[in-house]
Amino acid sequence: MHVDDAIRFRRTTMVVDADRILERSLIEELCELATWAPNHKRTWPWRFASITAGARLRLGAVIADAMDAHGDDSTKVAKARTKYARTPNILVIGSVPGDTSERSAENRDAVAAAAQNLMLAATARGIATYWGSCPKGAHEAVARFVGFEPGTHIAGIFYLGWARDTPDAPARPPARVIHID
Ligand SMILES: Cc1cc2nc3c(=O)[nH]c(=O)nc-3n(C[C@H](O)[C@H](O)[C@H](O)COP(=O)(O)O)c2cc1C
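Attention in this report is confined to the structure presented alongside it. (Residues numbered from 1 in each chain as written. Predicted model: local features only at pLDDT ≥ 70, side-chain atom pairs only at ≥ 80, totals over all residues. Heavy atoms only, no water.)

Quick notes on the environment of Asp19
Step number 1: Within the secondary structure, Asp19 sits in the loop between α1 (3–9) and α2 (24–34).
Step number 2: As a C-alpha pair, Asp19 and Thr129 span 110 residues in sequence and 16 Å in three-dimensional space. (Helix = DSSP H or I, 4+ residues; strand = E, 2+ residues; numbered from the N terminus.)

Focus: the pairing of strand β4 (residues 153–162)
Step number 1: Burial analysis of β4 places nine of its ten residues in the buried class, which makes it a mostly covered element.
Step number 2: One ladder, built from seven bridges, connects strand β2 (residues 89–95) with β4; its direction is antiparallel. Bridging from a neighbouring strand, Val92 pairs with Ile157 of β4.
Step number 3: Two elements, strand β3 (residues 127–132) and β4, share six bridges in a ladder whose sense is antiparallel. Residue Gly132 lies in a different strand from β4, and its bridge partner there is Ile157. (Buried < 20%, exposed > 50% of the residue type's maximum accessible area, 1.4 Å probe, protein only. Pairing = 2+ DSSP bridges.)

Things to note about the side chain of Asn89
Step number 1: As for its placement among the helices and strands, Asn89 is situated in strand β2.
Step number 2: On the accessibility criterion, Asn89 (0% relative accessible area) is buried.
Step number 3: Apart from the residues within four sequence positions on either side, Asn89 is in contact with Ile21, Leu22, Ile27, Ile51, Thr52, Phe158, Tyr159 and Leu160. (Contact = heavy atoms within 4.5 Å.)

Considerations on the site of the ligand
Step number 1: Near the ligand you find Arg10, Arg11, Thr12, Tyr130, Trp131, Gly132, Ser133 and Arg172, and these make up its full shell.
Step number 2: Between Arg10 and the ligand, the recorded distance is 2.9 Å, taken from a side-chain N or O atom to an oxygen atom.
Step number 3: For the ligand, the accessible surface in isolation is 620 Å², of which the surrounding protein chains cover 52%. (Near = heavy atom within 4 Å. Polar contact = N/O pair within 3.5 Å; in protein donor to acceptor, adjacent residues only side chain to side chain. Areas by Shrake-Rupley, 256 points an atom, 1.4 Å probe, with all protein chains shown as cover.)

Describing the packing of α2 against helix α5 (residues 101–124)
Working note: a packed helix pair is described by the angle between its axes plus the distance between those axes.
Step number 1: Packing of α2 against α5 leaves a shortest axis separation of 7 Å and a crossing angle of 135 degrees. For the element pair α2 / α5, the angle class is oblique. The two elements α2 and α5 cross, and the hand of that crossing is right-handed. Here α2 contributes Leu30, Cys31, Leu33 and Ala34 to the contact with α5, which in turn contributes Ala114, Asn117, Leu118, Ala121 and Ala122.
Step number 2: Classifying every residue of the contact of α2 with α5 by side-chain character gives eight nonpolar, one polar and no charged. (Axes fitted to C-alpha atoms, helices over the stretch in contact; angles between N-to-C directions. Parallel < 35°, antiparallel > 145°, perpendicular 65-115°, else oblique. Left-handed = near helix turned anticlockwise from the far one by under 90°. Nonpolar A, V, L, I, M, F, W, Y, C, P; charged D, E, K, R; others polar.)

Written out as structure tokens, the structure is:
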């Protein structure tokens, strides 16, 4: 798939084959491609944790407990317990803190670029991706659960699986470009 087509075709979707897990080697290939993202000062700030099988529910329990302690709505807490089992694969992507707040912000920018690399590479392989945010009060608990260093920001909890269908893209507003000559 041409890179332009992958960019336009990628959608946030979890319409996947629930019974077909992505192999470890494929997850590792996608994470390797992610690491070619631009990264100021070459801090290599990305961290990846692949979650499958029963660990998806254990991740859900850790997140639900953290949300509960944070005072989140009980319906959302109950949903969090099971929702990571909706796709065969979950990928937690973290961004380590920098030595200044500017470096931490740039690390997060680099990790977002890495995440897009990963999603485009997945799209080109027929893999659906869905970027989910980590609930507010759960970053520390998730970092601890997956073994990331303390203070790691959880950039996203990604749902992955072999795509069964890809929704049509709703129209995008045109890019507004200011040209200055
Ligand atoms: C930083 C970030 C966090 C996101 N968090 C969520 C989320 O928690 N839940 C969700 O449904 N979508 C989340 N998304 C996905 C967006 O909702 C999605 O990209 C948007 O609806 C546009 O759809 P598209 O990706 O198919 O173009 C997130 C996207 C980004 C970049």
